[in-house]
Amino acid sequence: MLTIEKVTKIYDKFKVVDIDKLNVPSGTILGFLGKNGAGKTTTIKLVTGMLRPNTGYIKINGFDVHTQPMHAKKLIGYSADKANVYEKLTCREFLRFMANLYGVKNSSKLEDEICELLEKFDLTEKADNYIQSYSHGMKKKASLLGALIHKPKVLILDEPTDGLDPQSIKVLKDIILERKQAGATIFLSTHILEVAEKLCDLITIINKGKILFTGTLSELKESMGKDSSLEEAFLEITADLQEGK
Ligand SMILES: Nc1ncnc2c1ncn2[C@@H]1O[C@H](COP(=O)(O)OP(=O)(O)OP(=O)(O)O)[C@@H](O)[C@H]1O
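A quick note: this is a predicted structure, and the numbers were derived from the prediction, not measured.

Novice: Mind laying out the environment of A127, listing which residues take part and the relevant values?
Specialist: Within the element layout of this structure, A127 appears in the loop between α4 (108-120) and α5 (136-148). Exposure remark for A127: the relative accessible area of 0% places this residue in the buried category. Sequence-distant contacts of A127, defined by excluding residues within four places in its chain, comprise T90, C91, R92, L118 and Y134.

Below you can see the structure in the form of C-alpha cells.
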C-alpha cells in the first residue's frame, strides 16, 4: 500500500509536484501518466525517499518514507528511468549485491532465482560480464532485475519499458502481473499508453504537478462522456489544461 498525502515539491518557487491525495492499495498496478515535465520522476523520487517533500508525507505500508526510512525503504524495489546499476559489477554480482542490501542472504535458492531472472530476460550469456560493457537495453534490464530480486512489497518503476525489446517487455509485463497476484503494490510511470491500458488497474494523469484524474480506465472513459481510447482521453484531458479550459 502506498499513500501520498498533501505532498508538494518546490523548485525555483514553482510547485513541480502538488498532490493532495493518492492511494495505491496492495495488489494494484497504478499507471502514472503525464506529459514531459509533468512531475512523474520528481514524484517517484519523493516516493523512494531520494527527495524530501516541502510539505506532506508519503507512507509505504504505513511507514513514513522520511521519518521511518529504514522500515519504508526495505519494502521498496525501484528502477529509475535511466538504468541505476553499478557498472563495475557483473550482472550476477549486482543481483547478489541488491538482494543482500535488502536482507536476502546468499543461498542456493537465491542463486536459482538469479539464474531464473537472467534467463527470462535473455541475459544468461552475459551474466558474468561487467555491466559497463552492456548495451542501453541490457543495462535497463539489469536495473529492473535489481528492483525485482528481493521480491519487494512495493515496486516503483520509472519508464520500465524504455529501451527494452518486445520480448523483454512481454516478460516484464508477465512478472509485474505475477507480483500483483502475490499482493504487491506496483507504481509505474510510462509514456507508452498501450502498456498502461493493458496492464494497469488504475490510471493517474498528472499535469504541472497536479493530479487531474485517478481511477480505472472505464471510469476515465465515463468521465469523458464517450467511449474514447486511453490515448484520446489522455490527449483531451491534457489539451484542456493547455488551453486553460
Ligand atoms: N532539480 C531540479 N531543479 C529544478 N527544477 C527541476 C528539478 N528536477 C525537476 N525539475 C522540474 O520539475 C518539473 C517536473 O520534472 P520531472 O522530471 O518530474 O518530469 P517528468 O514528468 O518525469 O517528465 P519526463 O516525462 O520528461 O521525464 C520540470 O519542470 C522540471 O524542469
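Novice: Break down the site of the ligand for me, with residues and values.
Specialist: The immediate surroundings of the ligand are formed by Y11, V16, K35, N36, G37, A38, G39, K40, T41, T42 and H191. With respect to the ligand, the side chain of N36 contributes an N or O atom lying 3.0 Å from an oxygen atom. Coverage of the ligand by the protein chains reaches 58% of its 650 Å² of free accessible surface. For the shell around the ligand, the leading source of residues is helix α1 (residues 40-47), giving three residues. Classifying every residue of the shell around the ligand by side-chain character gives three nonpolar, six polar and two charged.

Novice: Can you lay out the pairing of strand β4 (residues 55-60) for me, pointing to particular residues and giving the numbers?
Specialist: When strand β1 (residues 2-11) meets β4, the two strands line up antiparallel, connected through five bridges. Counted as the bridge partner of I4 is I58 from β4. Sheet topology note: the β4/strand β5 (residues 63-64) ladder contains two bridges and is antiparallel. Bridge assignment links K59 to a residue of β5, and that residue is D64. In this antiparallel pair of consecutive strands, β4 and β5, the connection spans two residues, and N61 shows a positive phi of 45°.

Novice: Before we move on, can you summarise the packing of helix α3 (residues 91-101) against α4 with the specific residues and values?
Specialist: Their axes nearest at 11 Å, the elements α3 and α4 cross at an angle of 125°. The pairing of α3 with α4 is recorded here as oblique in orientation. At the point where α3 passes α4, the crossing takes the right-handed sense. Packed against α3, whose contacting residues are C91, R92, L95, R96, A99 and N100, the element α4 presents L110, E111, I114, C115 and L118 at the interface. Residue composition of the contact of α3 with α4, grouped by class: seven nonpolar, one polar and three charged.

Novice: Account for the packing of aromatic side chains, naming residues and giving values.
Specialist: Here the structure, examined in full by the defined rule, presents three aromatic pairs. Considering the side-chain rings of F32 and F187, the 4.9 Å spacing of their centres and the 45° angle between planes classify their relative orientation as tilted. Of this pair, F32 sits in strand β3 (residues 28-33) while F187 sits in strand β8 (residues 185-189), and the two are 155 residues apart along the sequence. For F32, a relative accessible area of 0% gives the class buried. One aromatic cluster is present, built from ring pairs that chain together Y86, F94 and F97. Its guanidinium or amino end placed over the ring of Y57, K59 lies 5.0 Å from that ring's centre, counting from NZ or CZ.

Novice: Can you tell me about the pairing of strand β9 (residues 202-207), naming the residues and giving the values?
Specialist: Among the six residues of β9, six are classified as buried, and the element is accordingly described as predominantly covered. Covered by surrounding structure in β9 are L202, T204 and I206 together with I203, I205 and N207, the residues of both alternating faces. Taken together, the four bridges between β3 and β9 define a ladder with parallel strand orientation. Each bridged residue has a counterpart across the sheet, and for G31 the counterpart in β9 is I203. Sheet topology places β9 next to strand β10 (residues 210-215); five bridges connect them, and they run antiparallel. Note that in β10 the partner of I206 across the bridge is I211. Joining the antiparallel neighbours β9 and β10 is a turn of two residues, in which K208 adopts a positive phi near 50°.

Novice: Quick one: what's the story with the sheet that holds β5, residue by residue and with numbers?
Specialist: The antiparallel open sheet is built from four strands, whose spatial order is β2-β1-β4-β5. Each of the sheet's edge strands pairs with one partner strand only, and the pair in question is β2 (14-24) and β5. Helix-sheet contacts for α1 involve β1, β2 and β4, and the interaxial angle to β1 is about 120°.

Novice: So, the sheet that holds β10: which residues are in play, and what are the values?
Specialist: Taken in spatial order, the six strands of this open sheet run β6-β7-β8-β3-β9-β10, and their pairing is mixed. Looking at which strands have only one partner, the edges of the open sheet turn out to be β6 (76-79) and β10. Averaged over neighbouring strand pairs, the angle between their axes works out to 15° when direction is ignored. Sheet contacts for α5: β6 and β7 (154-158); angle to β6, the most-contacted strand, approximately 175°.

Criteria and thresholds
Residues numbered from 1 in each chain as written. Predicted model: local features only at pLDDT ≥ 70, side-chain atom pairs only at ≥ 80, totals over all residues. Heavy atoms only, no water. Helix = DSSP H or I, 4+ residues; strand = E, 2+ residues; numbered from the N terminus. Buried < 20%, exposed > 50% of the residue type's maximum accessible area, 1.4 Å probe, protein only. Contact = heavy atoms within 4.5 Å. Near = heavy atom within 4 Å. Polar contact = N/O pair within 3.5 Å; in protein donor to acceptor, adjacent residues only side chain to side chain. Areas by Shrake-Rupley, 256 points an atom, 1.4 Å probe, with all protein chains shown as cover. Nonpolar A, V, L, I, M, F, W, Y, C, P; charged D, E, K, R; others polar. Pairing = 2+ DSSP bridges. Axes fitted to C-alpha atoms, helices over the stretch in contact; angles between N-to-C directions. Parallel < 35°, antiparallel > 145°, perpendicular 65-115°, else oblique. Left-handed = near helix turned anticlockwise from the far one by under 90°. Phe/Tyr/Trp six-rings, centres within 6.5 Å; stacked < 30°, edge-to-face > 60°. Lys NZ or Arg CZ within 6 Å of the ring centre and 35° of its normal.

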